[in-house]
Amino acid sequence: MRAGTERLRALLPGTWDLRETTDAVRSADVGVDGMLRLRAPSGESVLLLVEAKRSMNTRDVPLVLESLQRSAAIARAEDAVVPMVMARYLAPATRDRIAAGGAGYVDATGNVLLSSDNPTLVLRDRGEDRDPWRGRGRPRGTLKGEPAARVVRALVDFAPPYTVPDLAARAGASTGATYRVVEFIEGEGLLTRTPYGPISEVQWRPLLERWSQDYGFAASNAVQTFLEPRGLGALTELLEESRDLEYVVTGSLAAERMAPYAPARLATIYVRDLASAQTLGLRLVESGANVALAAARYDVVFDRAQTIEGLRIAAPSQVVVDLLTGPGRNPSEAVALLDWMERNERDWRR
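Note that this is a predicted model, so its numbers are computed, not measured.

Engineer: Honestly, the environment of Glu6 in this entry has me stumped. Any pointers?
Structural biologist: Inspection of the secondary structure assignment puts Glu6 in helix 1 (residues 2-11). Judged by its relative accessible area of 46%, Glu6 falls in the partly exposed class. Remark: the alpha-carbon pair of Glu6 and Arg19, spanning 13 residues in sequence, is separated by 9.9 Å.

Engineer: Help me understand the pattern of salt bridges, please; the structure alone is not making it clear to me.
Structural biologist: Once the charged atoms of two side chains with opposite charge are near each other, the side chains can pair. Counted according to the given criterion, the structure contains 24 salt bridges. Close ionic contact of Arg205 with Glu342 constitutes a salt bridge, the shortest N to O distance being 3.1 Å. Within this pair, whereas Arg205 is found in helix 8 (residues 204-211), its partner Glu342 is found in helix 13 (residues 330-343), the two being separated by 137 residues in sequence. The class of Arg205 is buried, set by a relative accessible area of 16%. In this structure Glu342 comes out as partly exposed when scored by relative accessible area, which is 44%. As a salt-bridge pair, Arg257 and Glu256 come within 3.2 Å of each other at their nearest N and O atoms. By sharing partners, the salt bridges in this structure join Arg205, Glu209, Asp339 and Glu342 into a single network.

Engineer: Help me understand helix 13 in this model?
Structural biologist: In an α-helix, one turn spans 3.6 residues, which is why side chains three or four residues apart end up on the same side. With 14 residues, helix 13 extends 20 Å between its outermost C-alpha atoms, agreeing within 8% with the 20 Å of an ideal straight helix rising 1.5 Å per residue. Buried within helix 13 are the following residues: Asn330, Glu333, Ala334, Leu337, Leu338, Trp340 and Met341. The buried residues of helix 13 all sit within an arc of 160 degrees when viewed along its axis, so they share a single face.

Engineer: Whenever I open this one, the packing of aromatic side chains confuses me. Can you help?
Structural biologist: Aromatic ring pairs: the centre-centre distance and the angle between the two ring planes describe each pair. Inspection of the entire model under this criterion finds four aromatic pairs. Geometrically, the ring pair formed by Tyr215 and Tyr298 is tilted, given 6.3 Å between the ring centres and 40 degrees between the ring planes. Placement of the pair is Tyr215 in the loop between helix 8 and strand 10 (222-227) and Tyr298 in the loop between strand 14 (291-295) and strand 15 (306-308), with a sequence separation of 83 residues. There is no split in this pair, since Tyr215 and Tyr298 are both buried. Linked through ring pairs, Trp211, Tyr215 and Tyr298 together constitute an aromatic cluster. Against the face of Phe158 rests Arg170, its NZ or CZ located 5.1 Å from the ring centre. Here the guanidinium or amino end of Arg272 rests over the ring plane of Phe302, the centre of that ring lying 4.1 Å away.

Engineer: Mind showing me how you'd approach the sheet that holds strand 1 (residues 17-20) here?
Structural biologist: As a general point, the strands of a sheet are linked pairwise by backbone hydrogen bonds and lie either parallel or antiparallel. Read from one edge of the open sheet, seven strands run 1-2-3-4-5-6-7, paired in mixed fashion. Two strands bound the open sheet, and with one partner strand each, they are strand 1 and strand 7 (120-125). Neighbour-to-neighbour, the strand axes of the sheet open up by a mean angle of 25 degrees, direction not taken into account. Inspection of the sheet shows strand 3 (residues 45-53) paired to strand 4 (residues 80-87) by eight bridges, in the parallel sense. Residue Leu49 lies in a different strand from strand 4, and its bridge partner there is Pro83. Along the sheet, helix 3 (residues 61-75) makes contact with strand 3 and strand 4, crossing strand 3 at roughly 140 degrees.

Engineer: Sorry, what's going on with the pairing of strand 5 (residues 104-107) here?
Structural biologist: Two faces belong to every sheet, and in a regular strand the side chains alternate between them. Both faces of strand 5 are covered, namely the face carrying Gly104 and Val106 and the face carrying Tyr105 and Asp107. Note that strand 4 and strand 5 share four bridges and pair parallel. When the bridges of strand 5 are listed, Ala87 appears paired with Asp107. Crossover strand 4 to strand 5 through helix 4 (residues 92-100) is right-handed.

Engineer: Just to check I follow, could you spell out the side chain of Thr109 for this structure?
Structural biologist: Mapped onto the fold, Thr109 is located in the loop between strand 5 and strand 6 (112-117). Of the polar contacts made by the side chain of Thr109, one reaches the side chain of Asn111; its length is 3.1 Å. One polar contact links the side chain of Thr109 to the main-chain amide nitrogen of Glu128, over a distance of 3.1 Å. The contacts of Thr109, once residues within four sequence positions are left out, are Arg7, Arg88, Tyr89, Gly127, Glu128, Pro132 and Trp133.

Engineer: Mind showing me how you'd approach the packing of helix 10 (residues 251-258) against helix 12 (residues 316-324) here?
Structural biologist: Packed helix pairs are specified by the crossing angle of their axes together with the interaxial distance, meaning the distance between the axes. Interaxial distance between helix 10 and helix 12 falls to 9 Å at its minimum, and their mutual angle equals 130 degrees. One element, helix 10, and the other, helix 12, form an angle in the oblique class. The handedness of the crossing between helix 10 and helix 12 comes out as left-handed. Residue-level contacts link Gly251, Ser252, Ala254, Ala255 and Met258 of helix 10 to Pro316, Val319 and Leu323 of helix 12. Broken down by class, the residue content of the contact of helix 10 with helix 12 amounts to six nonpolar, two polar and no charged.

Engineer: Looking at this structure, how should I read unusual backbone geometry?
Structural biologist: Most peptide bonds adopt trans geometry, and most residues besides glycine take a negative phi value. Cis geometry is found at the peptide bond from Asn118 to Pro119, where omega equals 5 degrees. You can see Pro119 is positioned in the loop between strand 6 and strand 7. A cis geometry characterises the amide bond from Pro160 onward to Pro161, with omega recorded as 15 degrees. If you trace the backbone, Pro161 turns up in the loop between helix 5 (146-157) and helix 6 (164-171). Its identity is not glycine, yet Arg304 carries a phi of approximately 60 degrees, on the positive side. Mapped onto the fold, Arg304 is located in the loop between strand 14 and strand 15. Note on Arg304: relative accessible area 16%, which makes it buried.

Rules used throughout
Residues numbered from 1 in each chain as written. Predicted model: local features only at pLDDT ≥ 70, side-chain atom pairs only at ≥ 80, totals over all residues. Heavy atoms only, no water. Helix = DSSP H or I, 4+ residues; strand = E, 2+ residues; numbered from the N terminus. Buried < 20%, exposed > 50% of the residue type's maximum accessible area, 1.4 Å probe, protein only. Salt bridge = Lys/Arg side-chain N within 4 Å of Asp/Glu carboxyl O. Expected span 1.5 Å × (residues − 1). Arc of directions from axis to C-beta. Phe/Tyr/Trp six-rings, centres within 6.5 Å; stacked < 30°, edge-to-face > 60°. Lys NZ or Arg CZ within 6 Å of the ring centre and 35° of its normal. Pairing = 2+ DSSP bridges. Axes fitted to C-alpha atoms, helices over the stretch in contact; angles between N-to-C directions. Contact = heavy atoms within 4.5 Å. Right-handed = clockwise from strand over helix to strand, strands pointing away. Polar contact = N/O pair within 3.5 Å; in protein donor to acceptor, adjacent residues only side chain to side chain. Parallel < 35°, antiparallel > 145°, perpendicular 65-115°, else oblique. Left-handed = near helix turned anticlockwise from the far one by under 90°. Nonpolar A, V, L, I, M, F, W, Y, C, P; charged D, E, K, R; others polar.

Here it is, written out as structure tokens:
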């Protein structure tokens, strides 16, 4: 709390005053870790009710904000009250949840948000997006890597309930890695697990959006671009006739088969190796490409693919994350596909 208070002071104009206050009632009586009075040059002031945490997960936010709201009612301040969360580190998803709940936050890495209507003030600053104090052996702090890809795909593709060992078997990941990924996702507030029991709920749409922050088609695979001079129609005919080529279509061309948005201009395809370009008769180019081939680093991209209109199409969960991190209109196509997935969950989720 001391570190958070000093960080706020450093951002405030010199004519503003910030100090601890009791207001004739102890912070312990109000049920908070501290109270700060922020006073503007005009004399207007706001009371900051502070909950201080050494660490805090996204799933903890609703309970903390509920507690701060009860404390605000107890404080009976004559002027405005703003709930504040201070912690050593707050992850991006945690900060977003706090802000959405109408509260402010400060962490020791420099992430700051404080907003007040009376007096009018907005303070915002950016610190770290990764916990600099996370030691070895602690739960993972990202969804990067093959184990995370396998677990996220399985959580989205299979409807719960299931235990973590069952999830590991479906994902094709080790039990230990699955537990670590599940702990991280649970901490982000994106799944619900009963104590010592199975996973009972998965918020699969925000989970896919969160995964896209750490996984991307170009960033997570070896990609080369090619030209099919005869156009995408000729390419799809060739793919439909290819019996020995192991591939799955993703991106716009795949989304077009499920949730049409606009005619595809680029065919994005996972293959086992880039030598497949010779089989398809593609021409390697640096510009003007209409085909992107990716030598998949994780076999999971082929899992639960399906044949639609003669093409091997990647699972919707894979197509979405590739679109979310793609160029141009790809993110808009991802939103359209996510909307389709919500309307037709029984058609694709196992």
